Amino acid sequence: MEIDLREPWAIGAVEIPTRLVLAPMAGVSVQAFRRQGRRFGAGLVCSEMVSCAGIEHRNERTLGYLRVASDEHPLAIQIFGSEPRAMAEAARMVEAAGADIVDINYGCPVRKVTKTGAGATLLDDPARACAIVEAVAGAVSVPVSVKMRRGLADGSRACLEVGPRLVEAGAASLTLHPRSARQMYTGWADHSLTAELVSLVDVPVVASGDITSRARAQAVLATTGAAAVMVGRAAQGNPWALRELLGEDDGEPSREEVAAELILFIRETVRELGERRASGFLKKFYGWYLGHGRFPRRFKSELTQIDSTEEVEARLLAAAPGAAAVLARLEETLPSGDDVLLELPISVYGGG
């Protein structure tokens, strides 16, 4: 039986228009990435994880993650930390910033996160994990979701023990990436665990891990009973993958389409991060966009050596002259500048 990923579903009172969720990815899920994901059919987009300590201490870069565009909704902003009180306060600010859902990270396997007692480490401390969810759910009026791994060690089934308890504590949805923290991104995601988790809870479960094609998404949804699938690495520099997953594939994009989307992404990222930060941040995206045999390898390599985003744009337009017309059509569909950013309340910046 084929499942229509274009059907709506809901987390609490938040209606989500498609069964495709764009994953929160550190160093990737900037506003430009999320807005693009919504244009290409993601029903829900997620911010990269935001440190509750950074929010608490009014760190300027951390607060920058809380900028929300009008065309991102529905949007989940993901927070991480290990103290219930600090996480509750961060959740209040996330809600004030415009998040439709507060997502809690219990899946990050990176040492600099786990050594603080946050991320995947909390799967080995169910009491604290539940206390955080209870505190966050009590602090906000929007739904709370949790993204987790199967556990810390290979073969762990901690997610099946902790998951139902998180729901009892107030989680309105769970996302499971059924790899262990030790695995990082190696091996395969064991979605038999996703099916077990679905059978244990009465809230929507999102299946994450190895969702790389429409056939794979269909198989995971059919065998697990999950409400939706989450796509991460497959969409990096390749938003067309989202349309393929939804069954709206128009074939491989032309060079002109690829160049136009990349230039728009560059401009949006510069607007968000500033030229200096954006020029370094974007270099990994050049390879992602221009790969898949779309442009010569030498051309991709040359772009990564250029520090000026304006020069990168010029090189792309020279390589695909028709991209200028495609870009003009794309920009006509976007909200005007005054409509895009919904700034945080002044008090969040400590300005009174």
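Residues numbered from 1 in each chain as written. Predicted model: local features only at pLDDT ≥ 70, side-chain atom pairs only at ≥ 80, totals over all residues. Heavy atoms only, no water.

Peer 1: Lay out a nonpolar patch on the surface in plain terms, naming residues and giving numbers.
Peer 2: On the surface, Val110, Met184 and Tyr185 cluster together into a nonpolar patch covering about 260 Å² of accessible area. Tracing the backbone through its elements, the reader meets Val110 in the loop between strand S8 (101-106) and helix H5 (111-114). On the basis of relative accessible area, Val110 is assigned to the partly exposed category, the value being 35%. (Patch = residues over 30% accessible without salt bridge, like charges linked within 9 Å, V, L, I, M, F, W, Y side chains within 5 Å. Areas by Shrake-Rupley, 256 points an atom, 1.4 Å probe, with all protein chains shown as cover. Salt bridge = Lys/Arg side-chain N within 4 Å of Asp/Glu carboxyl O. Helix = DSSP H or I, 4+ residues; strand = E, 2+ residues; numbered from the N terminus. Buried < 20%, exposed > 50% of the residue type's maximum accessible area, 1.4 Å probe, protein only.)

Peer 1: Would you mind going over the pairing of S8 in detail, with residue names and values included?
Peer 2: Taking burial as the measure, the 6 residues of S8 include 6 buried ones, the bulk of the element. Side chains Ile101, Asp103 and Asn105 of S8 all project onto a buried face; the interleaved residues Val102, Ile104 and Tyr106 project onto the opposite face, where all are buried too. Bridge count for strand S7 (residues 75-80) against S8 is 4 bridges, and the pairing is parallel. Looking at S8, one finds that Gln78 is bridged to Asp103. In terms of handedness, the path from S7 via helix H4 (residues 84-97) over to S8 forms a crossover that is right-handed. Where S8 lies against strand S9 (residues 144-151), 5 bridges are found, and the strand directions are parallel. Looking across to S9, one finds that Ile104 is bridged to Val146. (Pairing = 2+ DSSP bridges. Right-handed = clockwise from strand over helix to strand, strands pointing away.)

Peer 1: Account for the packing of helix H14 (residues 297-304) against helix H15 (residues 309-319), with residues named and values stated.
Peer 2: Axis separation between H14 and H15 bottoms out at 10 Å; the angle between their running directions is 160°. The orientation of H14 with respect to H15, classified from their angle, is roughly antiparallel. H14 and H15 meet at a crossing whose hand is right-handed. Judged by residue contacts, Phe299, Glu302 and Leu303 of H14 engage Val312, Arg315, Leu316 and Ala319 from H15. In the contact of H14 with H15, the residues fall into 5 nonpolar, no polar and 2 charged. (Axes fitted to C-alpha atoms, helices over the stretch in contact; angles between N-to-C directions. Parallel < 35°, antiparallel > 145°, perpendicular 65-115°, else oblique. Left-handed = near helix turned anticlockwise from the far one by under 90°. Contact = heavy atoms within 4.5 Å. Nonpolar A, V, L, I, M, F, W, Y, C, P; charged D, E, K, R; others polar.)

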